[in-house]
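Report on the structure
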Amino acid sequence: FAREVESSLDSAADFIFRTVTDYKGDCNGKTGKISIVISGFADPRPISQNAKFMDSDIEDADFDFFVPRGSKMDNDLLSKLRAYFTAKHFEKKLKSRDEYNNIIEKVEWRIEGKGVDKSETGTLEQKRRVNIKINFDD
């Protein structure tokens, strides 16, 4: 699945890039502000009561996200980590392009951990996902 996921992430980054760089905030009286919201979800399987976040501390003021090493791992944290790492991937891809860097001050990134997807439909794989929402200020 790794190649499929990487390909999908690259396609999504390209879509975000085209969407935000094609937007012209000077038209129709818009302020030109763009918010990109990445929402992460987890599947309903429980995580061990002893599970801990074992990566290095995350101290990211830009995303208002802080997770110390050793934090208790649960599906809420897992869903927010999914959103965070996806957003960081997109941000890195977009920053490598000059057109994006010309509008970077207009872009605000937000991440949300939505916890467990409790819908009755979909496979476990489909419940482990991120949603991407791009908002343009009116």
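Above this text sits the structure in question.
Summarised in this report is the structure supplied together with it. (Residues numbered from 1 in each chain as written. Predicted model: local features only at pLDDT ≥ 70, side-chain atom pairs only at ≥ 80, totals over all residues. Heavy atoms only, no water.)

1. Examining the pattern of salt bridges
Counting across every chain of the model gives 11 salt bridges. Between Glu125 and Arg128 there is a salt bridge whose closest N-O contact spans 4.0 Å. Among the charged side chains, a network of salt bridges with common partners joins Asp43, Arg45, Glu125 and Arg128. (Salt bridge = Lys/Arg side-chain N within 4 Å of Asp/Glu carboxyl O.)

2. Looking at the pairing of strand β1 (residues 34-42)
With nine of nine residues buried, β1 is to be regarded as a mostly interior element. The side-chain alternation of β1 yields two buried faces, one formed by Ile34, Ile36, Ile38, Gly40 and Ala42 and the other by Ser35, Val37, Ser39 and Phe41. Two elements, β1 and strand β5 (residues 130-136), share seven bridges in a ladder whose sense is antiparallel. Within β5, the residue paired with Ile34 across the bridge is Phe136. (Buried < 20%, exposed > 50% of the residue type's maximum accessible area, 1.4 Å probe, protein only. Helix = DSSP H or I, 4+ residues; strand = E, 2+ residues; numbered from the N terminus. Pairing = 2+ DSSP bridges.)

3. Focus on the sheet that holds β5
The strand order across the open sheet formed by three strands is β4-β1-β5, and the pairing between neighbours is mixed. Every interior strand has two partners, whereas the edge strands, β4 (107-116) and β5, have only one. Across the sheet, the mean angle from the axis of one strand to that of its neighbour is 20 degrees, orientation sign disregarded. (Axes fitted to C-alpha atoms, helices over the stretch in contact; angles between N-to-C directions.)

4. Regarding the nonpolar core
Ranked by size, the top nonpolar core spans 30 residues in total, and within it Val20, Ile34, Ile36, Phe65, Phe90 and Trp109 carry the most contacts. Listed by contribution, the elements that provide at least two residues to this core are α1 (2-22), β1, β3 (65-67), α2 (75-95) and β4. The greatest single-element share of this core, amounting to seven residues, is contributed by α2. Setting aside its immediate chain neighbours within four residues, Ile36 contacts Ile16, Val20, Val107, Glu108, Trp109, Arg110 and Lys133. (Core = buried A, V, L, I, M, F, W, Y, C linked by side-chain atoms within 4.5 Å. Contact = heavy atoms within 4.5 Å.)

5. Digging into the side chain of Asp117
Assignment of secondary structure puts Asp117 in the loop between β4 and α4 (124-127). Of the polar contacts made by the side chain of Asp117, one reaches the side chain of Arg129; its length is 2.5 Å. With residues up to four places along the chain from it excluded, the contact list for Asp117 reads Phe41, Ala42, Pro44, Lys127 and Arg129. (Polar contact = N/O pair within 3.5 Å; in protein donor to acceptor, adjacent residues only side chain to side chain.)

6. Observations regarding unusual backbone geometry
The backbone phi angle of Asp64 is positive, close to 50 degrees, even though this residue is not glycine. A residue is classified by how much of its surface remains accessible, and Asp64, at 58% relative accessible area, is exposed.

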